[in-house]
Amino acid sequence: PEDVALKLAKSPHARACYLRQWFRFANGRKEDAPDDCTLQRLQEAMEKGGDAITTFARSYFTSRNFLYRQ
């Protein structure tokens, strides 16, 4: 199990999935094409600030996608 966890932690696909699932949870819906820019910015923020949920929260809750959602 440790080996699998380490491989997942290093996998860009697993990190992108992690981010997408948190995005869906925060929005209460699946992402749409207009959300791609927000997801890209969140991905960049998490790469710079670490993959912690606090990095996601800080980046997402200050994003235009969240602040101006309908």
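Presented here is a report on the structure given in the accompanying data block. (Residues numbered from 1 in each chain as written. Predicted model: local features only at pLDDT ≥ 70, side-chain atom pairs only at ≥ 80, totals over all residues. Heavy atoms only, no water.)

## Examining the overall build of the protein chain
What counts is decided by this rule: Each helix is a run of DSSP H or I of at least 4 residues and each strand a run of E of at least 2, with the numbering of both proceeding from the N terminus. Partly exposed describes any residue whose relative accessible area lies between the buried limit of under 20% and the exposed limit of over 50%, with all areas from a 1.4 Å probe on protein chains only and scaled to the type maximum.
Counting secondary structure elements, the protein chain contains five helices and zero strands. Overall, the protein chain shows an N-to-C arrangement of helices and strands of α-α-α-α-α. The principal-axis extent of the C-alpha atoms belonging to the protein chain is close to 45 × 20 × 15 Å. In the protein chain, which comprises 70 residues, the proportion classed as buried is 24%.

## Some thoughts on the pattern of salt bridges
Which entries qualify depends on this criterion: By definition, a salt bridge exists where a carboxyl oxygen of Asp or Glu is found within 4 Å of a side-chain nitrogen of Lys or Arg.
Under the defined criterion, the tally for this structure stands at four salt bridges. Between D32 and R29 there is a salt bridge, and its shortest N-O distance comes to 3.8 Å. Overall, R29 belongs to the partly exposed group, its relative accessible area being 33%. Salt bridges linked by common partners bring R20, R24 and E31 together as one network.

## Observations concerning the environment of I53
Using the following cut-off: Contact between two residues is taken to exist if any of their heavy atoms lie within 4.5 Å; hydrogens are not considered.
Within the secondary structure, I53 is located in helix 4 (residues 53-60). On the accessibility criterion, I53 (31% relative accessible area) is partly exposed. Separated by 11 residues in the primary sequence, I53 and R64 have C-alpha atoms spaced 19 Å apart. In contact with I53, other than residues within four places in its own chain, are Y18 and W22.

## Focus: the packing of helix 2 (residues 12-27) against helix 4
Rules: Inter-axis angles, ranging from 0 to 180 degrees, are taken between N-to-C directions of lines fitted to C-alpha atoms, where helices are fitted over the stretch in contact. Oblique is the label for every angle not falling under 35 degrees (roughly parallel), over 145 degrees (roughly antiparallel), or within 65 to 115 degrees (roughly perpendicular). With the far helix as reference, a near helix turned anticlockwise by less than a right angle produces a left-handed crossing, and one turned clockwise produces a right-handed crossing. Residues are grouped as follows: Ala, Val, Leu, Ile, Met, Phe, Trp, Tyr, Cys and Pro are nonpolar; Asp, Glu, Lys and Arg are charged; all remaining types, including Gly, are polar.
One way to put it is that helix 2 packs onto helix 4 with a least axis distance of 11 Å and a crossing angle of 50°. The angle between helix 2 and helix 4 places the two elements in the oblique class. Crossing handedness for the pair helix 2 and helix 4: right-handed. In contact with Y18, L19, W22, F23, A26 and N27 of helix 2, helix 4 contributes I53, F56 and Y60. Considered class by class, the residues forming the contact of helix 2 with helix 4 number eight nonpolar, one polar and no charged.

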